[in-house]
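# Summary of structural features
Spelled out, the chains give:
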Amino acid sequence: QPMVDIFSANIYKLKKFISANKIEDRVLICMTETIKQEGVTELQTRAISKYQSAKKSNTILEGILGGTFVGDVKEKDLREKIENQYNLKIEENNIQVLPLPIKITIPELLNRAIFYHPPFERGDKGFKDTTILLSILEDSEKNPEYEYILVTKDGIFSNAELRKEFSFNTKK
């Protein structure tokens, strides 16, 4: 599939909503470094799987490599090309990438995990969600003049405790 189709359908839906409501001058779409890296890794994993299959049958990998024969491509180069294309889509769509959280200490993070402070959950779940939340909260501390709206399909973020933490820390 072309990168435009697999970058993120949700980003394009959100952009369409923003455009339809004529609020482009008031809204900045952001994604956290965690989400970006997860997206890049997912695309790389899918592409490498297709690459390995194509390499066995000596075909051409369409959409990513153009007319290059699979045997001429190294996995490292394929991973790099995918990451570059993903970064280009972020730039083309004027998306700001929020950096990983740096204020939280390992003991604080461990405490959140041990006591299942949302988004941590039983079963050792919630690390990536926690880094996402903390990235947003740290950015909101740096930019108190902005309003933050978290758009997600992940049900953990509707947890009352998390909503309270998000609202308190973003002052909205």
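Anything mentioned here points back to the structure above.
Below or above, wherever it landed, is the structure these notes cover. Remember, it's a predicted structure, so these values are computed and weren't measured experimentally.

Turning next to the environment of Ser140. Mapped onto the elements of the fold, Ser140 is located in helix H6 (residues 127-142). Sequence spacing of Ser140 and Phe166 is 26 residues, and the spatial spacing of their C-alpha atoms is 9.6 Å.

Moving on, we get to the environment of Gln96. Among the structural elements, Gln96 can be located in strand S2 (residues 96-98). A sequence separation of 67 residues divides Gln96 from Ile29, and the C-alpha atoms of the two residues are 6.4 Å apart. Those residues in contact with Gln96, other than ones at most four positions away along the chain, are Leu28, Ile29, Cys30, Met31 and Asp139.

Moving on: the pattern of salt bridges. For the coordinates displayed, the defined rule picks out five salt bridges. Of the charged contacts, one joins Glu42 and Arg46 as a salt bridge, the two residues approaching to 3.4 Å between their closest N and O atoms. In this pair, Glu42 and Arg46 are both assigned in helix H3 (residues 33-57), four residues apart and thus about one turn of the helix distant. Of the residues examined, Glu42 reaches a relative accessible area of 46% and is grouped as partly exposed. Of the residues examined, Arg46 reaches a relative accessible area of 36% and is grouped as partly exposed. Its salt-bridge partner being Glu92, residue Lys89 comes within 2.9 Å of it at the nearest N-O pair. Here Glu92 and Lys89 lie together in helix H4 (residues 75-92), a separation of three residues that amounts to about one turn.

Glancing now at a nonpolar patch on the surface. On the surface, Leu110, Ile114 and Phe115 cluster together to form a nonpolar patch covering roughly 340 Å² of accessible area. The topology assignment puts Ile114 in helix H5 (residues 106-114).

Here H4 contains 18 residues, and its C-alpha end-to-end distance of 26 Å stays within 8% of the 26 Å for a straight helix at 1.5 Å per residue. Here H4 has its buried residues at Leu78, Ile82, Tyr86, Lys89 and Ile90. Each buried residue of H4 lies within a common arc of 120 degrees when the element is viewed along its axis, so the set occupies one face. Exposed residues on H4 whose side chains face more than 90 degrees from its buried face are Lys76 and Glu91. In the stretch just after H4, Asn94 is the one whose phi turns positive, near 50 degrees.

Criteria and thresholds
- Residues numbered from 1 in each chain as written.
- Predicted model: local features only at pLDDT ≥ 70, side-chain atom pairs only at ≥ 80, totals over all residues.
- Heavy atoms only, no water.
- Helix = DSSP H or I, 4+ residues; strand = E, 2+ residues; numbered from the N terminus.
- Contact = heavy atoms within 4.5 Å.
- Salt bridge = Lys/Arg side-chain N within 4 Å of Asp/Glu carboxyl O.
- Buried < 20%, exposed > 50% of the residue type's maximum accessible area, 1.4 Å probe, protein only.
- Patch = residues over 30% accessible without salt bridge, like charges linked within 9 Å, V, L, I, M, F, W, Y side chains within 5 Å.
- Areas by Shrake-Rupley, 256 points an atom, 1.4 Å probe, with all protein chains shown as cover.
- Expected span 1.5 Å × (residues − 1).
- Arc of directions from axis to C-beta.

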